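Structural description and commentary
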Amino acid sequence: MFFSVARLRLALSSFLLLAAPLVRARDNSLFTSSVTYCAPPESLLIEQFDIAYFAKNQSIVFNVSAASVVPNTNVNANLFLNVYGIRPINVTLDICSLFDGALCPLPLYNFTGSDSLSLPKDFDVASQLPNIAYYIPDLEAYAQLTLTDVKTGQVRACVQFTLSNGWSTHQLGAEWAAGSIALLALTAALVQSIFGFGSPLLPVRLIDVVSLFQTIALSGLLALNFPSLYRSFALNFSWALGLFESSSTSSIQTSINRMRSATGGHLSDESGDGAISFVNRKLSPYNSASYVAPQSLVQTASSLARVNLAEFVSSNASLPASLPRTQVLVGSDVATVTEQSSNVLEAGFPIYTNSVGIATANAFMTVFFVALILTAIVLGTLALIYGVLVALERSEFGRRHPGIAQFRTNYPSFAKAWAIRGAQMLSLPILVFTFYQWTLKDSWLSDLLSVILLIALMAIILPAAFFAIRSSVPRSRWTDMKPPAAVAPFTEPYRESRTYYVIPLLLVMVIKAMVTAFAHVHGMVQAVFFVVLEALLLGCIIVLKPYPTRRADVLAGYLCITRLVCSGLMIAFAENLAVQPIPRVAIGAVTAVIFSIACIVLFFNLLVNLGLWRLVKYVVCCGHRGRRPGDTELASTPSDSSIAEKGEGHRYDGEQEKKDTATYFHHSRPGNPSPPSTAISIEPMSATSSTTLGETLPRRWSFQYSRPPSAATDSPHSPPYTTYHNSTASSPVSAQRHSRHISSSLPTPLEEYPTPEARAL
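Values in this document were obtained by computation on a predicted structure and should not be read as measured data.

Rules used in this analysis
Residues numbered from 1 in each chain as written. Predicted model: local features only at pLDDT ≥ 70, side-chain atom pairs only at ≥ 80, totals over all residues. Heavy atoms only, no water. Core = buried A, V, L, I, M, F, W, Y, C linked by side-chain atoms within 4.5 Å. Buried < 20%, exposed > 50% of the residue type's maximum accessible area, 1.4 Å probe, protein only. Helix = DSSP H or I, 4+ residues; strand = E, 2+ residues; numbered from the N terminus. Contact = heavy atoms within 4.5 Å. Pairing = 2+ DSSP bridges. pLDDT = per-residue confidence, 0-100. Axes fitted to C-alpha atoms, helices over the stretch in contact; angles between N-to-C directions. Parallel < 35°, antiparallel > 145°, perpendicular 65-115°, else oblique. Left-handed = near helix turned anticlockwise from the far one by under 90°. 1 Å grid on protein atoms, 1.4 Å probe; cavity = no way out; pocket = protein on both sides within 12 Å on 5 of 7 lines; lining within 4 Å. Points joined across faces, edges and corners; volume = space filled by probe spheres on them. Phe/Tyr/Trp six-rings, centres within 6.5 Å; stacked < 30°, edge-to-face > 60°.

1. A word on the nonpolar core
- Ranked by internal contacts, the top residues of the largest apolar core, which has 84 residues, are Phe213 and Phe433.
- Ranked by the residues each element gives to this core, the list is headed by helix α12 (residues 411-440), at 11 residues.
- Apart from the residues lying within four places of it in its own chain, the contact partners of Phe433 are Leu221, Leu241, Leu243, Phe349, Ala363, Phe364 and Val367.
- With 42 residues, the next largest nonpolar core counts Leu30, Leu129, Leu147 and Ala157 among its residues.

2. A short note on the pairing of strand β4 (residues 75-83)
- With respect to burial, β4 is a largely interior element, seven of its nine residues being buried.
- In the sheet, β4 pairs with strand β7 (residues 141-149) via nine bridges, with the strands oriented antiparallel. If you follow Val75 over to β7, its bridge partner there is Asp149.
- Pairing of β4 with strand β5 (residues 86-94), which is carried by seven bridges, proceeds in the antiparallel orientation.

3. Comments concerning the side chain of Ser567
- Secondary-structure assignment places Ser567 in helix α17 (residues 550-569).
- Here Ser567 is in contact with Ala527, Phe530, Val531 and Glu534, once residues within four sequence places are set aside.

4. A word on helix α4 (residues 228-235)
- Counted residue by residue, α4 has eight buried out of eight residues, so it is predominantly covered.
- When α4 is considered as a whole, its buried residues turn out to be Ser228, Leu229, Tyr230, Arg231, Ser232, Phe233, Ala234 and Leu235.
- Packed against the buried residues of α4 are α2 (172-195), α3 (202-219), α8 (349-355) and α18 (581-609).

5. Some points on the confidence of the model for the protein chain
- Overall, the predicted model of the protein chain reaches an average pLDDT of 75, with 68% of residues at or above 70.
- Of the regions scoring below 50 in pLDDT, residues 648-652 engages in 24 contacts with residues more than four places distant in sequence or in other chains.
- This model gives residues 710-761 a pLDDT under 50, and the stretch forms 65 contacts once residues within four places in sequence are excluded.

6. A short note on unusual backbone geometry
- Phi at Asp138 is positive, roughly 50°, even though this residue is not glycine.
- With respect to the helices and strands, Asp138 occurs in the loop between β6 (110-118) and β7.
- Looking at Asp138, the relative accessible area reads 12%, which means it is buried.
- Even without glycine at this site, Lys441 takes up a positive phi of about 55°.
- The exposure class assigned to Lys441 is exposed, which follows from its relative accessible area of 66%.

7. Quick notes on the packing of α3 against α18
- In contact at an axis separation of 11 Å, α3 and α18 are set at 165° when each is read in the N-to-C sense. Relative to α18, the element α3 lies roughly antiparallel. Relative to α18, α3 is oriented so that their crossing is left-handed. Packed against α3, whose contacting residues are Leu202, Arg205, Asp208, Val209, Leu212, Phe213, Thr215 and Ile216, the element α18 presents Phe595, Ala598, Cys599, Leu602, Asn605, Leu606 and Asn609 at the interface.

8. Section: empty space enclosed by the protein
- Overall, the coordinates contain five cavities of 30 Å³ or more when judged by the stated rule.
- Along the walls of the largest cavity sit 40 residues, with Ile207, Asp208, Ser211, Tyr494 and Leu505 positioned nearest its centre.
- The set of elements that each furnish at least two residues to the lining of the largest cavity consists of α3, α12, α14 (488-491), α15 (502-518), α16 (523-544) and α17.
- For the lining of the largest cavity, the element with the most residues is α3, which contributes 11 residues.
- Estimates place the volume of the second largest cavity at around 160 Å³.

9. Things to note about the packing of aromatic side chains
- As enumerated under the stated definition, the model contains 21 aromatic pairs in all.
- Look at Phe407 and Tyr411: their rings are 6.0 Å apart centre to centre, the planes differ by 75°, and that puts the pair in the edge-to-face class. We note that Phe407, like Tyr411, is buried.
- Between Tyr494 and Tyr547, the aromatic rings sit 5.3 Å apart at their centres with planes inclined by 55°, giving tilted as the arrangement. Linking Tyr494 in the loop between α14 and α15 with Tyr547 in the loop between α16 and α17, this pair joins segments that are 53 residues apart in sequence.

See the structure below:
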């Protein structure tokens, strides 16, 4: 055993040492992520300004593209840095000392230049910047560069740019991980519905997983001043609402723009690639307003020739009349945004949708097309399954397995059930973006399509919910009517007498969608409504206990408490509360962690329902140690839930699960004998009587057939009964003890197998 552990440690250490070279070292640095104007430029129009600070050698690397339109202008540069309210840098640079004085006065050209500068030794930036600034994801920091005229002190240009350290909670790997969990739940639920493998709760867990992801994404749509950390975290789940990352030049966005412009659309089509440039300066991470450059200045700058400063300095030659197009290292053109301009992004829908490359006015049509695509996939999959069933039924394999023909007969119920599940998963995004589309008053065709889509959704959800809950409503005329198999998505998660719990669930979903859409400018109202709704829903779970098992009630209560706590924490993000940046980031991090833990809990619950827990026990027990009946099976027999969905039996019953669980974990024990009566007549035994005292009884857990009452009752047509005796002793009492007809004068034997099958023997 010792040598095995030693080999394992050696192998693990070798793997870590071999993998060490694959780890890429990363220098601590800060660089610009977006650039905007913070004052109206008068003589200098900056098109590109990228700057990076490296802590290792305290150097600055910059790349600039600008145009000077006023002659004889000498400027000084002031650099101001703010990191979570901390101001470590505020320095003024003499532009004339750079590039051997090539920038004094500013030439009347479009020029580009890049260089690296080492900061003076007495200028210790490393001691001023906290070390956490290089590691905290979605850093909230901005720098401001102001160019002032040396002679008059007038501001010639003011540029404000946000800083990043390269870390973010919005990761492609996180998106794929969440999507993989949803695909795993979908595949497992579909296989369980068809073949009956796994837990009958797998289709229910599919809805739970998708609902949790949609809840996280929905929180990002609230009109709250979220810290950048949480906003980026919520973007990992935007696909759950039908918002897949796109760009303004994609074919689907271009088609939507053309459709809107042809049907009365008047809102901006820009999706704001790098939406942080257009964020309202009152929101994180900005603190001041920006201004638009005068249009005359933009036109003048565009007509100027271009010059590359690096070439100018190296050759020390005269400025050429024209040069090739500017080449830059990183970044993009400087955005021009003001509080009065139409392209400013407010909290909620605008920032969230533009962060994934979708214009605010295009959000509903994007969800509409995604819903159409998913509908086509569902219908195509159901048609493919039906075609396979027909082909198998007509084959030799189908003739040997009559269950295939039975499944094809009940296939309509199966297809309707999965159509309802698809509608359940699409309900929240359709409701939210349909209601929000009505507030935009943009394209009449978009409004018309939103109404049609809402009616189609109601035609699927409402009748199914009615047929599911009508038999569970107390004192209704439909109490004795069983719900059809097609509405299994509304009936299988709950107890038969608590199916009406669907009503508060649907009401909460609709109210959330309405509050999110119609109160899209009142973040505090949205957060408070969410808290109240989750509190009421938690009360319903505690009072009604709608789920068939206690474990299911606990899981539903945990998810509801998670939503309740996170909704309460989001109240701190309301703009009117003006919470400081560092506390807001801390609260956002806690909220993201709570939601992440809920995702992990659901993932492990999904694995348990897939039967992997029994696989772990099988592996740990080496396949034989402590093995009980059923431990070696990785999947249960076809469940009542899957059979009910196909129309072949009753739906999943919680009481039956409790019985099955008790049978699974406990062997049947003999029942206790009835206590003797207090009035017992004791008679002396005759000399001819015999006793069973000292006789070896049959083994306790062996199956034995009872002997016929007497030899006289045997007939040639009676089946042969065999009784195994462990003793040769015989007596009237012994003979009658194994008989079906026990004399009333004898004590009642112990019932070895108190089951219906045993009693029937």
